[in-house]
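The chain contents come next:
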Amino acid sequence: SFIGEESVAAGEGSILTDNPTWIIDPIDGTTNFVHRFPFVAVSIGFVVNKKMEFGIVYSCVEDKMYTARKGKGAFCNGQKLQVSGQEDITKSLLVTELGSNRDPEAIKIILSNMERLLSIPIHG
């Protein structure tokens, strides 16, 4: 099966089944692309039984290829990635994306989550 993000965004229905499925977003970061903000990528995922098996993200402007496979780790241009090990949230960097849903209920949830995060003394 195949699910394309751009067709879903255009209103076409899509159902994830247990079948092997490719999920592709040819312009991941469409809003960035439209505004000429250079952080856009091609994102591809492969799902079996509704579980992600592997993913590939190519950051076009940076010329970086991110790959990950279930149980095998994540890599950038072939070099293994790992988390920082930082356990103190006050020494962490918060990065967030608000999404495009402007439904009043969604906005309430987003703002509530942001309020909780911003009450923690974090960087960001």
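Residues numbered from 1 in each chain as written. Predicted model: local features only at pLDDT ≥ 70, side-chain atom pairs only at ≥ 80, totals over all residues. Heavy atoms only, no water.

The name given to the protein chain in an unreviewed UniProt entry is inositol-phosphate phosphatase, with Sakesphorus luctuosus as the source organism. Within the UniProt record for the protein chain, the comment given under Sequence similarities (unreviewed entry) is "Belongs to the inositol monophosphatase superfamily." The UniProt entry for the protein chain carries the following comment under Pathway (unreviewed entry): "Polyol metabolism; myo-inositol biosynthesis; myo-inositol from D-glucose 6-phosphate: step 2/2." (UniProt positions renumbered as here; feature names shortened; annotations may be inferred.)

Ordered by their spatial adjacency, 7 strands build an open sheet running β1-β2-β3-β4-β5-β6-β7, and the pairing between neighbours is mixed. Pairing within the sheet leaves two strands with one partner each, and these edge strands are β1 (2-4) and β7 (79-81). Neighbour to neighbour, the strand axes of the sheet diverge by 20° on average, direction disregarded. Pairing of strand β2 (residues 21-28) with strand β3 (residues 41-48), which is carried by 6 bridges, proceeds in the antiparallel orientation. In the strand pairing of β3, Ile24 is matched with Ile44. (Pairing = 2+ DSSP bridges. Helix = DSSP H or I, 4+ residues; strand = E, 2+ residues; numbered from the N terminus. Axes fitted to C-alpha atoms, helices over the stretch in contact; angles between N-to-C directions.)

Considering the arrangement of structural elements, one finds Ser59 in strand β4 (residues 51-59). On the accessibility criterion, Ser59 (7% relative accessible area) is buried. Among all residues touching Ser59, those that are not within four sequence positions of it are Val40, Ala41, Lys64 and Tyr66. (Buried < 20%, exposed > 50% of the residue type's maximum accessible area, 1.4 Å probe, protein only. Contact = heavy atoms within 4.5 Å.)

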